[in-house]
Amino acid sequence: VDSASALHLHRIVREAISNALRHGGASSLRVRVRLAPDGMLMLELTDDGSGVPAAVLAGSGMRNMRTRAGELDGRIDWAPGTEGGAKVLLRMPLEAGA
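Residues numbered from 1 in each chain as written. Predicted model: local features only at pLDDT ≥ 70, side-chain atom pairs only at ≥ 80, totals over all residues. Heavy atoms only, no water.

Trainee: Please explain the environment of Ser 27 as it appears in this structure.
Mentor: Topologically, Ser 27 is positioned in the loop between helix H1 (3-22) and strand E1 (29-35). Of the residues examined, Ser 27 reaches a relative accessible area of 68% and is grouped as exposed. In this structure the C-alpha to C-alpha distance between Ser 27 and Asp 48, which are 21 residues apart in sequence, comes to 6.5 Å. Reaching out from Ser 27, the side chain makes a polar contact with the side chain of Asp 48 at a distance of 2.8 Å. (Helix = DSSP H or I, 4+ residues; strand = E, 2+ residues; numbered from the N terminus. Buried < 20%, exposed > 50% of the residue type's maximum accessible area, 1.4 Å probe, protein only. Polar contact = N/O pair within 3.5 Å; in protein donor to acceptor, adjacent residues only side chain to side chain.)

Written out as structure tokens, the structure is:
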């Protein structure tokens, strides 16, 4: 990815980690990155915290994450974690912004 896309990715990951620690009280976090067969970059952050409160979903940090995902021509979603906590899922074309 180009440097602008890398900066967006960095800030999305940083915000997701901050939210997991600050709002979810997570003690562990797993980050997975993979290239899907359709050429999409898949980024998944899963924590063991308390989940994502509705108030946090409406906050400026989450709004910024959505905006950054859009700048990457991608999509970001939040879901319950596999074993509690929260999961952040970012899907974007590897050639973002191209």
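Trainee: Looking at this structure, I do not really get helix H3 (residues 60-71). What am I missing?
Mentor: In an α-helix there are 3.6 residues to a turn, and that puts residues three or four apart on one side. In this model, H3 (12 residues) spans 16 Å end to end at C-alpha, consistent with the 16 Å of a helix rising 1.5 Å per residue. Inspection of H3 places Gly 61, Met 62, Met 65 and Ala 69 among the buried residues, and these make up the whole buried set. With its buried residues spanning 100° around the axis, H3 presents them on a single face. After H3 finishes, the residue Asp 73 shows a positive phi value of roughly 60°. (Expected span 1.5 Å × (residues − 1). Arc of directions from axis to C-beta.)

Trainee: So what exactly am I meant to see when it comes to the nonpolar core here?
Mentor: Most often, soluble globular proteins keep nonpolar side chains buried together rather than apart. With 15 residues, the main nonpolar core has Leu 9, Met 65, Ile 76, Val 88 and Leu 90 as its most contacted residues. When contributions to this core are tallied by element, the ones reaching two or more residues are H1, strand E2 (40-47), H3, strand E3 (75-80) and strand E4 (86-93). Not counting chain neighbours up to four residues away, the residues in contact with Leu 9 comprise Val 1, Leu 41, Leu 43, Leu 72, Leu 90 and Met 92. (Core = buried A, V, L, I, M, F, W, Y, C linked by side-chain atoms within 4.5 Å. Contact = heavy atoms within 4.5 Å.)

Trainee: Would you take a moment to explain the side chain of Glu 44 for this structure?
Mentor: Looking at the secondary structure, you find Glu 44 in strand E2. Among the polar contacts made by the side chain of Glu 44, one reaches the side chain of Thr 46 at a distance of 3.5 Å.

Trainee: Honestly, H1 in this entry has me stumped. Any pointers?
Mentor: In this model, H1 (20 residues) spans 28 Å end to end at C-alpha, consistent with the 28 Å of a helix rising 1.5 Å per residue. Buried residues along H1 sit against E1, E2, H3, E3 and E4. Taking the backbone nitrogen of Ala 4 as reference, a side-chain oxygen 3.2 Å away marks Asp 2 as the first, capping residue of H1.

Trainee: Mind showing me how you'd approach the sheet that holds E3 here?
Mentor: Whenever strands of a sheet pair, they do so through backbone hydrogen bonds, lying parallel or antiparallel. Read across the sheet, 4 strands follow the order E1-E2-E4-E3 without closing on themselves; strand pairing throughout is antiparallel. Of all the strands in the sheet, just E1 and E3 have a single pairing partner and so form its edges. Mean inter-strand twist for the sheet, computed between neighbouring axes without regard to direction, equals 15°. Direction of pairing for E2 relative to E4: antiparallel, over a ladder of 7 bridges. Bridge assignment links Leu 41 to a residue of E4, and that residue is Met 92. Contacting E1, E2, E3 and E4, H1 crosses the sheet at an angle of about 15° to E2. (Pairing = 2+ DSSP bridges. Axes fitted to C-alpha atoms, helices over the stretch in contact; angles between N-to-C directions.)

No statement about biological role is implied by the geometric values presented.
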